[in-house]
Each structure stands twice: as C-alpha cells, then as structure tokens.
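# Architecture and fold: a report
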Amino acid sequence: MDIELVGCNIKDEQNYCGNQTLLQRIAEQLQVNKPTSSNEQQVDGDDDRIIGSNLGIMESVAKQNEHRRAAVLICVFEEGHGGELRVILTKRSMNLSSYPGDVALPEGKMEDGDADDSATALREAMEEIGLDPHLVQVAAHLEPFNSKNQLNVVPVIGLLAKMEDFKPFLNPDEVDAIFDVPLEMFFKGDNHKS
C-alpha cells in the first residue's frame, strides 16, 4: 500500500522528500488543518460571519459537550533515520472498570484545566505513559466522533520527532503495557473493527 503525500511516497526507498524527513513533510502538510481551540468559533470565509446563533444556544450546547468531551493522541514517530512511520499504543490496565486489557491510544476526558483538545490529549499521554508534551508537535485534529459512552472524542495527531528522548513511565492504574505498530496498519481495511 502506498500513501501519497504531495511529492513524496511512504514506500520510496529512502523515505525522504528532498532534504526533509517524511515526518517533517507530514507535519507541514497537516498544518493546513491546524487545530483550533474547542472554544474558538468558526468563521465563514465568504462573508466573515460567525456560523451559529447569537441567542446563546451555541454557547449552551458547547458547554454541555465540553463536559462530555475527550481526546485521543495518535502519536506518530519515525523508526530510525528514514525508517517506517509508527504509532504508540497501550494495553489498558486489567484493573480498569471499562475496557480492561484493550489496546488503546492514550486518551481521556477533558478536565477543567485543559485549554483545548490538544492539551487534553497531551496531558493524558503524560499521565498514562510519561510522554513529555514538549516532545510532541501537535499537527492536526481529525473529525470528532461519538464514543459508546456518549463522549465527543477528538483525535489529535502528534508527531514525536525524537523517539530516543521519550522515556516511557507507565501508570499501572491505567496502563499494563506500551508498544508501537506501523502507521500503515491503520489504513488496511482488514484491521478495522466497528
């Protein structure tokens, strides 16, 4: 399977695009979809009007959803210099009441001190696996989805440029193991489960 990036192919022999590593190239392309704070309002580019109502309804709905909001960190890194792209996963603790032993991305509910979805995802990764937020470049947010628990979950793509600087420290209350898999695995239909 080939994944095309403008002017670059993940399956090329050296995984480089000019003088940039593949990870740098992905970061630049994802910046087109720069994440915004969950508190920011969207503006229609044609006439600069704010989308939504001025009657306070949107603010009320947003506040309700923030209490039921969560984020997951899709932390991508490059294995070795010019190696394949990989994603960090965890095995949830068997002591957890929900989904014990499941394979998961670092994730959790938004808390009052979190500035936005990126902050939630990075905080949870720090709490669960000891991933220093300063090591991760947030590149984009994917489209939110609703979980089985009625949480509005925002996938946050983070790029870890220096995997060697990451020193995992597992929180045994939340995580039994940490491992990584090829990013390409997520693009194969056989690996999808509903």
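Before reading on, note that the structure itself is shown above.
Residues numbered from 1 in each chain as written. Predicted model: local features only at pLDDT ≥ 70, side-chain atom pairs only at ≥ 80, totals over all residues. Heavy atoms only, no water.

### Looking at the overall build of the chain
Just so we agree on the cut-off: Secondary structure counts use DSSP, requiring at least four H or I residues in a row for a helix and at least two E residues in a row for a strand, with both numbered from the N terminus. Exposure classes here rest on a 1.4 Å probe applied to the protein chains alone. A residue is buried below 20% of its type maximum, exposed above 50%, and partly exposed in between. By definition, residues are in contact when any of their heavy atoms lie within 4.5 Å.
Summing up its helical and strand segments, the chain has three helices and twelve strands in all. Buried residues in the chain amount to 39% of all 194 residues. Here the contacts in the chain between residues at least 6 apart in sequence split such that 59% fall between residues at least 24 apart.

### Things to note about the pairing of strand 9 (residues 136–141)
Stated formally: Two strands make a pair as long as DSSP finds a minimum of two bridges between them.
Strand 9 sits mainly inside the fold: five of its six residues count as buried. Note: strand 9 against strand 11 (residues 152–160), five bridges, orientation antiparallel. The partner of His141 across the bridge, within strand 11, is Val156.

### Some remarks on helix 3 (residues 117–129)
We count it as follows: A helix is expected to span 1.5 Å multiplied by its residue count minus one. Pairing of N or O atoms within 3.5 Å defines a polar contact, subject to two protein rules: one partner must be a possible hydrogen donor and the other a possible acceptor, and residues neighboring in sequence count only if both atoms are side-chain atoms.
The end-to-end C-alpha distance of helix 3, which contains 13 residues, comes to 18 Å, matching closely the 18 Å that a straight helix rising 1.5 Å per residue would cover. Taken across its 13 residues, helix 3 has ten buried, putting it largely inside the fold. Contacts from the buried residues of helix 3 go to strand 5 (69–78), strand 6 (85–92), strand 8 (107–109), strand 9, strand 11 and strand 12 (175–182). The N-cap of helix 3, judged by a side-chain oxygen 3.2 Å from the amide nitrogen of Ser118 a few residues on, is Asp116. Remark: Gly130 follows helix 3 within two positions and exhibits a positive phi of approximately 75°.

### Quick word on the environment of Glu124
Within the secondary structure layout, Glu124 lies in helix 3. Counting along the chain gives 14 residues from Glu124 to Met110, while the straight-line C-alpha distance between them is 9.2 Å. Not counting the four nearest positions on each side in its chain, Glu124 is found in contact with Glu107, Gly108, Lys109 and Glu174. Among the polar contacts made by the side chain of Glu124, one reaches the side chain of Arg123 at a distance of 2.9 Å.

### What about the environment of Ala139?
By the secondary structure assignment, Ala139 is in strand 9. In this structure the C-alpha to C-alpha distance between Ala139 and Leu159, which are 20 residues apart in sequence, comes to 6.8 Å.

### A word on the nonpolar core
The criterion, for reference: We call a set of buried residues a nonpolar core when its members are Ala, Val, Leu, Ile, Met, Phe, Trp, Tyr or Cys and they connect through side-chain atoms within 4.5 Å of each other.
Leu73, Cys75, Ile88, Leu131, Val156 and Leu160 are the most contacted members of the largest nonpolar core, which totals 17 residues. Elements with a minimum of two residues in this core: strand 5, helix 3, strand 9 and strand 11. In this structure, Leu85, Leu89, Ala139 and Val181 belong to the second largest nonpolar core, which totals ten residues.

### Observations regarding unusual backbone geometry
One non-glycine residue, Tyr99, lies in positive phi territory at about 55°. Its place among the elements puts Tyr99 in the loop between strand 6 and strand 7 (103–104). Judged by relative accessible area, Tyr99 falls into the partly exposed class, the value being 38%.

### Some words on the side chain of Asp114
Inspection of the secondary structure assignment puts Asp114 in the loop between strand 8 and helix 3. A distance of 2.9 Å separates the side chain of Asp114 from the backbone nitrogen of Glu111, its partner in a polar contact. In this structure the side chain of Asp114 is engaged in a polar contact, spanning 2.9 Å, whose partner is the side chain of Thr120. Non-local contacts of Asp114, meaning those with residues more than four positions away in its chain, are made with Lys109, Ala119, Thr120 and Arg123.

### Thoughts on the side chain of Arg123
Relative to the assigned elements, Arg123 resides in helix 3. Classification of Arg123 by relative accessible area gives buried; the value is 15%. Those residues within four positions of Arg123 in sequence are excluded, and the remaining contacts are Lys109, Met110, Glu111 and Asp114.

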